[in-house]
Every structure is written in structure tokens, then in C-alpha cells.
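Structure at a glance
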Amino acid sequence: MSDQRRRPGDSDSELGMDRRISRRDFFDGASATAVGGIAAAVLAGCAPGDRDWAASPAHPASAPAGTDYPPSMEGLRGNTQQALSIPHSIRDGRLGSVVNTTRVNDLDEHYDLVVVGSGISGLSAAHFYKKKHPEAKILILDNHDEFGGHARRNEFTPEGRDQVLIGYGGTQAIDTPSAYSKTAMGLLKDLGIEVDRFKDFFDQKFYDKWKLAEEGDTVFLRAEEFRTDHLAVRTKGMPVDEWLSGAPLEPESVEQITALYADSGDDPMPGLSAQEKQERLSRMTYTDYLRDVLGCNDEVLAFMETITSDEWAVPASSWGAIDAWGEGLPGFAGIGLDDSEASEYNCYSLRRFWKFDDPYIHHFPDGNASIARLLVHSLIPGSVPGSDELDMESVVLAEFDYSKLDEEGQDVRLRLQSPCTGLAHDGPPSSAERVFVTYHHDDALHRVTAGHVVMAAWHVMGKYLMQELPGSQRQAMTDASKQPLVYANVVVRNWQPWVELGMRHIRFTGGDWAVAQLDYPVSMGGYEHPKDPSEPMVIQMISAPSPGEMSLRQGAVHARHELLRRPFESFERSIRQTLNRALGDGGFDAARDIEAITVNRWGHGYAREYTRRWDSFWPNGPTPAETARKRIGRITIANSDAAPNAYTDTAIDQAHRAVEEFDEL
């Protein structure tokens, strides 16, 4: 590939920033013409006399216009200004200066169960409770304008395609279903999901048909880390030194990278027992191992820094070396550790997936948003008018009516744009018969009562919502700082440049984006994935903004502050520049080829893993999650934070545990 920088130009006109696309006229999910002056000013940076909304607002952000069908909403989605303004006010102790907390509208509504949070865990909790108590009345609250949590659906209507184009804005897949518990798999079966059928829905010959390189075999070396831009595409069977031929790397660096990828090598820790090697690896990061044990130079470290970012949402200089070994990353061929079993020091995910090798094909066109949609329909059948039953195929193109989610008289009601502001027992938690649940909706505070509550929202909010918690439990919830992520869906008018360059997935060595990739080739339920390079396609770009050389929690906090202040325009410009540079040799032109952009910003992203490098209590415990998830009176705790483990089956299992704990009352 050419060594010339792939920048047709950085001006707005050369990037296409001046061209109208369906996703640019909206910011933070709200029309620029519909958002008031204060909110618009906040998006630009700070409003006169106001605080940055990422810290906490002076006024609650109003609901955007046109929210009748959230999957088609445009611009900046995910953790939007509207979703976070009240939670941030609570966090900063400023709720009373944002809304009138002395006046609460008592709705005189009592529910058998109130669920706080409509992610996979919250919806699953409602499902399990309803199975045990078929006549139960249930209310589900969520601060977002969409259900599903990180299981988010994005829809597009590009030119040149007769059918809607579907993308996923968060949770990608039913990852490693062989490892699912009976409980988690049972819920999928209750919803009509048969995981074996994905073998037919996922076109497993798609990449070979178009001769596209394997995932991980395309790296874009940026000029910011190296001397010039360079796209390195490794075809099947290509030696590493040939792969990196022409790359802006010193010969010594190419030799070192070649040695990292070799199938064999000398023992880098001679004289140490297997246990001593594991202990040493557990105390260092992957970057420490590459530099201090293998002797890799700075160029090699820069080349490898983002290799962990896509999978774990943190760079190599923060990710543990023992987990890099467990994942099979380069550099461990000669270390001689028995890989028939996981190390006791490996993170929870690696340990539980160790003996399973499922193909990564269990993917709905909208990721796991289809699981959330099936859960909602099972709880609220009227949510899809005219469809009494949905299964794994019919849900893909089902048209949900969001106005049906919260109708009077339903057994289950789902109330969106309603952040919970407080949970308190009516008396001592040990003997109270009900819980007061307060939430914000339509610029006012409202209160209902519940016989039981499942707190399935982020644990970092739990300590603010439940003032009755003991200090140790409140502190444990503080530990559950989620890893920030951004999932951007970019609709391009065709994907010919990817075929021209022979790739399907790009890893970037730095910058805003960890990877860019073609959407997964899944056709099901009447939905057809693009089959020809001349057709429009969704390109997914993933950002893991946590900086290196910090603990996972410290990095998450640092990145979140920056991420939540960033306007859509900044993301768009970065997307256009990045794709122009990486795909330029394939004929890509962002100004001409991009039709739509939706950015799903998850400042509060995926539950972080425990890793021995930063968490001294791991693996022997007790862990903060074990303390944080303890039942208090009639309130139980769910969410993947309660594990913590950022997988759908974990969210389901934690929901089941939370519901079962009510039997202890």
C-alpha cells in the first residue's frame, strides 16, 4: 500500500461536512431547531450561566422532538444529554436546584414489582418475576428514550436500497452460547431463540467469497505514531515480514514483531516455575511484558498498543499480561505454560470461556437489541400491534409502537425518559411492606410504591438512589465504573473500497477509533444483508477512549469526562478523516460516499473486568461486586455490574438471582 498520507483534504468541504446527510441535522438525538438556546449552547461547550451538562445541568434537558420511534433517531445516541442530565444532577447533589424536590406528584400507583433500568438485566428481571407471579403488576423505569440498555438498534433508509438497513449500536452478539447457564439459555428458548439456527442466518462464506483478510490481519499505522500513514493488509498465509514490508518501521521493529507472531520461541522467563511465571505475568501489563521481558522497542509497543482495545475497551498498556496470554495474543509462544486450563489469575471472562470455542456467528442484524425487543413483546404483547407472537425471525422487521409501552390497564408498563431519583422503604428495610419509588418525568417528580424493587441500573448510581445502604455497600458500588465505548454506524453508498483493498476489519494504532469493520453478513426473517459491493452497507467503527498506563477504573473515569463533552460534529469530522486516510487507496471519498452517521456514545459502557494487575483482591476475593449486590430489604440488585462481566448471559443470570432473592423475605 502507498505510504502517502490518505488525506484528500481536511477542510470541511473536502471532508463533506458541508453536505447534508440524514444524521447531521440532529445533535444529541434532538433536532438542532427544536433544542432551546441553553441546550444548544451546552452542546457547543458551555451555556451562559450554566454548568457543563457532563458535570451537572442547571436545568433538566428536555426530551427531543420526534422520539416516537427511537431506532430511527439521528445523531448522537446512547448516553445522551437527555438521559444523563438528571442522573448527573443527583450525583452532584444538585437535584434540588434543577427541579422542585419539595413537590412530588404521588400517582397513587402500586406495583408488585418496579424495575429500575430497562437493559437486558432489567427486562429479564421482569420476565422472571412474571413467570413466578403471572398476575403481577410491573413498572419498568429507564432514563433513556429507548429500552435495551447497550443492546441498541439503529435503522437507516439509504438510497439504492429498497429495504431498511439495520445496524447495532452496542451489544454485538450472543457470545459463546455454549457457556450460557441453563437459566440464560432457558430465557432465550422462552423467547423463541434457537442459537443453532444462526449457522444458516450468518453467511460463513461471505468473507472468503470476496477474498477479505481475517479479522486482526489489517492494521492501519497512523502517521501520528509512525512516520507516515500505512495500511498493512495480511492475506492468508502471508509471512509477517512480508505483511509489514513497506511499513514505516525500522528493520529491528519488523524483526521483533515477526518474533512476536512466531509459533515458537525461546522461554522469556527461564528458571521460573509455571506458578512463578503466572504470578509474574499477573503483576504486569501486556506492554510491560513486551518491553521489560521480551525487550521490544517503542515502535513495537506503539504497533501493539491497541490490540486489546476492541475486545476489552482498554489499551495494551492497561491490560494485564496474564490475560493477554490467556487470549492468545502474540509473544507467548515460548513461555511454556499449560494452556489446557486457565490461570487462576485470569479475568472472569477468560476463565469461564476457556474450554469453549464457539464461532462468532450468533448475531442478529441489530445485535442483541432483538433479545430486548423479544423481552418487551413478551411482557407487553400490544407493543407490536397485530402480532400476538414474535420469534427470532419475525422480530427482526417487527414494527414496535412505543406509544403502547405505558398504557393504563396493562400488567406491565415500560416508562421511558423516566430516571429514578430515589428508592426508600416505608419504614425499616427489615420490616417494611413497600418501597417508595421516585422518578423524574415531564419536568416533574413522581412517586409510586412497590412491593418489590429490582435495581438494575448502573451501580455507580445505586449509591445515590438508595440512601439506606450501609457505607460498605455504597463504597462497593463506586467501584463499578463502566468502561466507556463508542459504537458509530456509518452508512456508505457502497463497500467496493473494502473489496478493492481485500479487508473486512481494520485496527488503528491510535486516535479516536480502535477498529472499523464491515457489518456482519446476517440475513434472517426477511431481512437481507447487502450481498454485492455496489450496495449500501453499514460500516461500524468502535472507539475505546480509556487512556493507557492507568487502572481500568481510573482510565474509565478520565475518558468519560472527555467523551461526554464531545459534540456530534467532532465525531463526524473524525470519522470522515479516519476513513479517508484508511480507505483512500481503495477509492473511498468521505464527501461522496458517506450517506448517514449515527454515533452511539456510551460514557457508561460495559462492566469492567477484574484483573490482578490492578485489583489486588482478585481472584481470591471478596470482590466489590459481591458486596454491592447484597439485598437490602425489598430491594435486590441486578445489572451486569453485579458480576461484574459485560456479557448478555451475565446480565440475565444476575436478574434471575435478584428475583430469586425475594424468596428470602
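See above for the structure.
Quantities reported herein were computed from a predicted structural model and do not represent experimental measurements. (Residues numbered from 1 in each chain as written. Predicted model: local features only at pLDDT ≥ 70, side-chain atom pairs only at ≥ 80, totals over all residues. Heavy atoms only, no water.)

**A short note on the overall build of the protein**
The secondary structure content of the protein amounts to 25 helices and 19 strands. Relative to the globule expectation of 26 Å for 665 residues, the C-alpha radius of gyration of the protein, 25 Å, shows essentially globular dimensions. Along the longest, intermediate and shortest principal axes, the C-alpha atoms of the protein span 75 × 60 × 55 Å. Here the protein, with 665 residues, has 62% of them falling under the buried criterion. Partitioning the contacts of the protein with sequence separation of at least 6, the portion at a separation of at least 24 is 73%. (Helix = DSSP H or I, 4+ residues; strand = E, 2+ residues; numbered from the N terminus. Rg over C-alpha atoms; globule rule 2.2 N^0.38 Å. Buried < 20%, exposed > 50% of the residue type's maximum accessible area, 1.4 Å probe, protein only. Contact = heavy atoms within 4.5 Å.)

**Structural notes on the pairing of strand E18 (residues 594–606)**
The buried fraction of E18 is high, at twelve of 13 residues. Looking at chain direction, strand E3 (residues 75–78) and E18 are connected through four bridges and run parallel. The residue bridging Gly 78 from the neighbouring strand is Arg 601, located in E18. Both strand E14 (residues 483–492) and E18 contribute to a ladder of nine bridges, which runs antiparallel. Residue pairing for E18: Val 490 is matched across the bridge by Ile 597. (Pairing = 2+ DSSP bridges.)

**Things to note about the packing of aromatic side chains**
As enumerated under the stated definition, the model contains 25 aromatic pairs in all. Centroid distance Phe 220 to Phe 508: 5.9 Å. Interplanar angle 70°. Geometry classified as edge-to-face. Of this pair, Phe 220 sits in strand E8 (residues 218–221) while Phe 508 sits in strand E15 (residues 505–508), and the two are 288 residues apart along the sequence. Within the aromatic cluster, the residues linked to one another by ring pairs are Tyr 168, Phe 202, Tyr 360, Tyr 487, Tyr 520 and Tyr 606. Taking the ring centre of Phe 436 as reference, the NZ or CZ of Arg 447 above it sits at 5.3 Å. A cation over a ring is seen here: Arg 504 above Tyr 207, with NZ or CZ 3.8 Å from the ring centre. (Phe/Tyr/Trp six-rings, centres within 6.5 Å; stacked < 30°, edge-to-face > 60°. Lys NZ or Arg CZ within 6 Å of the ring centre and 35° of its normal.)

**Some points on the nonpolar core**
Grouped together as the largest cluster of nonpolar side chains are 114 residues, with contacts concentrated most on Ile 193, Phe 364 and Val 454. Apart from residues lying up to four places away in sequence, Ile 193 is in contact with Ile 174, Leu 188, Phe 198, Phe 364, Ile 371, Leu 374 and Met 392. (Core = buried A, V, L, I, M, F, W, Y, C linked by side-chain atoms within 4.5 Å.)

**With respect to a negative patch on the surface**
Together, Glu 194, Asp 196, Asp 388, Glu 389 and Asp 391 line one region of the surface with negative charge. Take Asp 388: it is sitting in the loop between helix H17 (369–379) and strand E10 (412–415). (Patch = residues over 30% accessible without salt bridge, like charges linked within 9 Å, V, L, I, M, F, W, Y side chains within 5 Å. Areas by Shrake-Rupley, 256 points an atom, 1.4 Å probe, with all protein chains shown as cover. Salt bridge = Lys/Arg side-chain N within 4 Å of Asp/Glu carboxyl O. Lys, Arg positive; Asp, Glu negative; His and termini not counted. Charge placed at Lys NZ, Arg CZ, Asp CG, Glu CD.)

**Structural notes on the sheet that holds strand E17 (residues 537–543)**
Taken in spatial order, the eight strands make up an open sheet running E3-E18-E14-E17-E16-E15-E8-E9, and their pairing is mixed. Looking at the sheet topology across the chains shown, the edges are occupied by E3 and strand E9 (230–233). Each strand of the sheet is rotated relative to its neighbour by a mean of 20°, with strand direction disregarded. On top of the sheet, helix H21 (residues 552–563) reaches E14 and E18; it is set at about 50° to E14, its chief contact. (Axes fitted to C-alpha atoms, helices over the stretch in contact; angles between N-to-C directions.)

**Looking at the environment of Arg 601**
Residue placement: Arg 601 occurs in strand E18. Residue Arg 601 is classed as buried on the basis of its relative accessible area of 0%. Remark: the alpha-carbon pair of Arg 601 and Gly 170, spanning 431 residues in sequence, is separated by 9.2 Å. Separated by 3.1 Å, the side chain of Arg 601 and the backbone oxygen of Arg 566 make a polar contact. (Polar contact = N/O pair within 3.5 Å; in protein donor to acceptor, adjacent residues only side chain to side chain.)

**Structural notes on unusual backbone geometry**
Leaving glycine out, the prevailing phi sign among residues is negative, and the prevailing peptide bond configuration is trans. Cis peptide bonds are those with omega within 30 degrees of zero, and the linkage from Trp 618 to Pro 619 qualifies with 10°. Counting through the fold element by element, Pro 619 comes out in the loop between E18 and helix H24 (624–628). For the bond running from Ala 643 to Pro 644, omega is -10°, close enough to zero to count as cis. Even without a glycine there, the phi angle at Asp 108 is positive, about 55°. Topologically, Asp 108 is positioned in strand E4 (residues 104–116). Its relative accessible area of 72% is what places Asp 108 among the exposed residues. Not every positive phi belongs to a glycine, and Gln 417 is a case in point at roughly 50°. When you line up the elements, Gln 417 lands in the loop between E10 and strand E11 (420–425).

**Some thoughts on the side chain of Thr 449**
Here Thr 449 is to be found in strand E13 (residues 444–455). Apart from the residues within four sequence positions on either side, Thr 449 is in contact with Glu 109, His 110, Tyr 111, Arg 434, Val 435 and Phe 436.

**A closer look at the packing of helix H5 (residues 120–132) against helix H25 (residues 648–660)**
Closest axis-to-axis distance for the H5/H25 pair is 8 Å, and the angle between their directions is 45°. Relative to H25, the element H5 lies oblique. When you trace H5 past H25, the crossing you get is right-handed. In this structure, H5 uses Ile 120, Ser 121, Ser 124, Ala 125, Phe 128, Tyr 129 and Lys 132 to contact H25, whose residues at the interface are Thr 648, Ala 651, Ile 652, Gln 654, Ala 655, His 656, Val 659 and Glu 660. Tallied by class, residues from the contact of H5 with H25 come to eight nonpolar, five polar and two charged. (Parallel < 35°, antiparallel > 145°, perpendicular 65-115°, else oblique. Left-handed = near helix turned anticlockwise from the far one by under 90°. Nonpolar A, V, L, I, M, F, W, Y, C, P; charged D, E, K, R; others polar.)

**Focus: helix H10 (residues 251–260)**
All buried positions along H10 are accounted for by Ser 253, Val 254, Gln 256, Ile 257 and Leu 260. The buried residues of H10 occupy an angular sector of 165° when the element is viewed end-on, so they sit on one face. Those residues of H10 that are exposed and angled more than 90 degrees off the buried face are Pro 251 and Glu 255. Of the surrounding secondary structure, the elements contacted by the buried residues of H10 are helix H9 (240–243), helix H12 (286–293) and helix H13 (298–304). (Arc of directions from axis to C-beta.)

**Remarks on the pattern of salt bridges**
Counting across every chain of the model gives 44 salt bridges. Here Arg 222 ties to Glu 225 by a salt bridge, and the two come within 2.5 Å at their closest N and O atoms. With a relative accessible area of 14%, Arg 222 lands in the buried category. A residue is classified by how much of its surface remains accessible, and Glu 225, at 29% relative accessible area, is partly exposed. Here the residues in one salt-bridge network are Arg 222, Glu 224, Glu 225, Asp 229 and Arg 581, joined through shared partners.

**Some thoughts on the environment of Thr 183**
For Thr 183, the location among the structural elements is in helix H6 (residues 182–190). Here the alpha-carbon distance between Thr 183 and Ile 652, two residues 469 residues apart in the chain, equals 7.8 Å. Those residues in contact with Thr 183, other than ones at most four positions away along the chain, are Phe 128, Asp 653 and His 656.

**A short note on the packing of H5 against H17**
Where H5 contacts H17, the two axes come as close as 10 Å, and the packing angle between them is 35°. As for the relative orientation of H5 and H17, their crossing is left-handed in sense. Together, Ile 120, Leu 123, Ser 124, Ala 126, His 127 and Lys 130 of H5 and Ile 371, Ala 372, Leu 375, Val 376, Ser 378 and Leu 379 of H17 make up the contact between the two elements.

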